[in-house]
Amino acid sequence: MNDSHTPVTAPYRTFAALCVLAGSASGLTGCGPSVAGWTLSYDEGRRVADARQADLFVLYKDHLEAESGRLEDVVKHPTVAPLLAGKVKCLLLTEFEPNRRFVGQYGIDEAPALIVIHPDQTYHARAGPLSVDQAVDFLKNAVPPGREPRLNPRVPRTYEYRWRNIHEDALEEAQRRNRKLLIVYKWWLSGESTELLRRLSKPEVARHFADMVHCILDWDYIPNRRHMARYGIQKVPALVIVHQDGTYHSNVGLHDISGIVRFAVNARAPGRKPGTSTRDRVAPPYRWNRDFDRASALARRQDKNLFVFYYSVFSNESNTMEQRLNRSDVASLFSDTVHCKMDWGAPENREVMARYGVSRVPALVIIRPDGTYHARIGQQEIAGLYRLVQDADRAGLSPAGSANRP
């Protein structure tokens, strides 16, 4: 469908009704993302409006009631529709009970009705049938600030975690965005870890972590144990909230939902200061870039070889290889190269590595300033690493795919 302002037809109303029933059955706060330019979920509408810093315009209707149909036609009238430009449009139907809770926050208890929710979260609302002129007057006067809503914590919402699995990257993002950092420490073979993630996903829990940067670290990956030790954590599952001032609060073990919420609410800065191990105070042997294009450009500017470590956090071979690379005698071999660490979990990284004949982890690639490369796939002993560095003194293969795999 296009984003036209044609009146709602009977087939559409039937679809909308089915959509509400589907949403009710599955526990969603609405149904599919949008129909004809209208979102059918207040949750999605708020997310889009927040991202755009725009008004959220809500048309609340009963799909079987004639006055609702007439108000919808008024909203799509050529005189009214232009006043909705720049607003996020949301169509909510009475059949879905959470919709009734949502509009109740704005003083609406029956359909049809119009609501304009501003970026400052104040609102204007008008219930009952409206003429075209009355709708125009309502929209022209619906400018912030409006009235304060009576928020209902029982309005269900969906929340998304945007998990990062590299501690340094998550910490840097939290600092850049001036947000708290939530760290979930788990193990994929731990039933309690799986249950903790399930409880975190519940809306009544997730809303307390929604504005944080999210990081998930697995016990299997050896470096993560060192990161978590700085927060006094040795066991899984565990939660850590790192505040903007660098202090933290932690919660070890599997707790019930109320316990997790209490932890989130009570974890106010300042907390404890993270510890610093002897190993943390030593300068790291590698300065890993995680963006291949940036690392390549840096290597070209400095006329140096680019050393790529291709790994997966779920690969024991990768973990063993990283431990071997961190040996001081091995790290010295790559001291005069630009370093790039690429995670197999990112599809774009797999595409890049395929150009160098690499299809699995772990793998090591040295790309020379002339563009040719030398690669080793699988675990390498110390002697093999020495030979890789020696081989890189001369031209290698040109990136051409798996046919050129060493």
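Since we're looking at a predicted model, the values are computed, not measured.

Thresholds, definitions, all that
Residues numbered from 1 in each chain as written. Predicted model: local features only at pLDDT ≥ 70, side-chain atom pairs only at ≥ 80, totals over all residues. Heavy atoms only, no water. pLDDT = per-residue confidence, 0-100. Helix = DSSP H or I, 4+ residues; strand = E, 2+ residues; numbered from the N terminus. Contact = heavy atoms within 4.5 Å. Pairing = 2+ DSSP bridges. Axes fitted to C-alpha atoms, helices over the stretch in contact; angles between N-to-C directions. Polar contact = N/O pair within 3.5 Å; in protein donor to acceptor, adjacent residues only side chain to side chain. Phe/Tyr/Trp six-rings, centres within 6.5 Å; stacked < 30°, edge-to-face > 60°. Buried < 20%, exposed > 50% of the residue type's maximum accessible area, 1.4 Å probe, protein only.

Our next topic: the confidence of the model for the chain. Confidence along the chain averages 85 in pLDDT terms, with 87% of residues attaining 70 or more. Per-residue pLDDT, averaged within each element of the chain, yields its smallest value for helix α1 (residues 10-26) (37) and its largest for strand β5 (residues 113-117) (98). Per-residue pLDDT stays below 50 along residues 402-406; that stretch engages in 11 contacts with residues further than four places along the chain or on separate chains.

Before going further, it helps to examine the pairing of strand β6 (residues 123-127). Successive residues of a regular strand alternate their side chains across the two faces of the sheet. Sheet topology note: the β5/β6 ladder contains five bridges and is antiparallel. Its bridge partner being in β6, Ile115 is matched across the sheet by Ala125. Counted along the chain from β5 to the antiparallel partner β6, the turn is five residues long, and its residue Gln121 has a positive phi close to 75°.

Here five strands make up an open sheet; going across it, the order is β7-β9-β8-β10-β11 and the pairing mixed. Both outer strands of the open sheet, β7 (163-164) and β11 (248-252), are each paired with one neighbouring strand and no more. Alignment of β7 against strand β9 (residues 213-218), held across two bridges, turns out to be parallel. By the bridge assignment for β9, Trp163 is matched with His214. Its contacts with the sheet place helix α6 (residues 167-177) against β7, β8 (181-186), β9 and β10 (238-242), and it is angled at close to 165° to β9.

The next point concerns the side chain of Asp55. Relative to the helices and strands, Asp55 resides in the loop between α2 (42-52) and β3 (56-61). Side-chain polar atoms of Asp55 contact the side chain of His118, separated by 3.0 Å. Setting aside its immediate chain neighbours within four residues, Asp55 contacts Ala49, Lys87, Val88, Val116, Ile117, His118 and Pro119.

Under the criterion given, the structure shown has 16 aromatic pairs. Between Tyr221 and Tyr311, the ring centres sit 6.4 Å apart and the planes meet at 20°, which makes this aromatic pair stacked. Linking Tyr221 in the loop between β9 and α9 (222-229) with Tyr311 in strand β13 (residues 306-311), this pair joins segments that are 90 residues apart in sequence. Residues Tyr221 and Tyr311 agree in their burial class; the two are buried. When the ring of Tyr286 is compared with that of Trp288, the centres are 4.7 Å apart and the planes differ by 15°; the resulting orientation is stacked. Its relative accessible area of 4% is what places Tyr286 among the buried residues. Following the ring pairs from residue to residue traces out a cluster consisting of Tyr221, Tyr286, Trp288, Phe307, Phe309, Tyr311 and Phe334.

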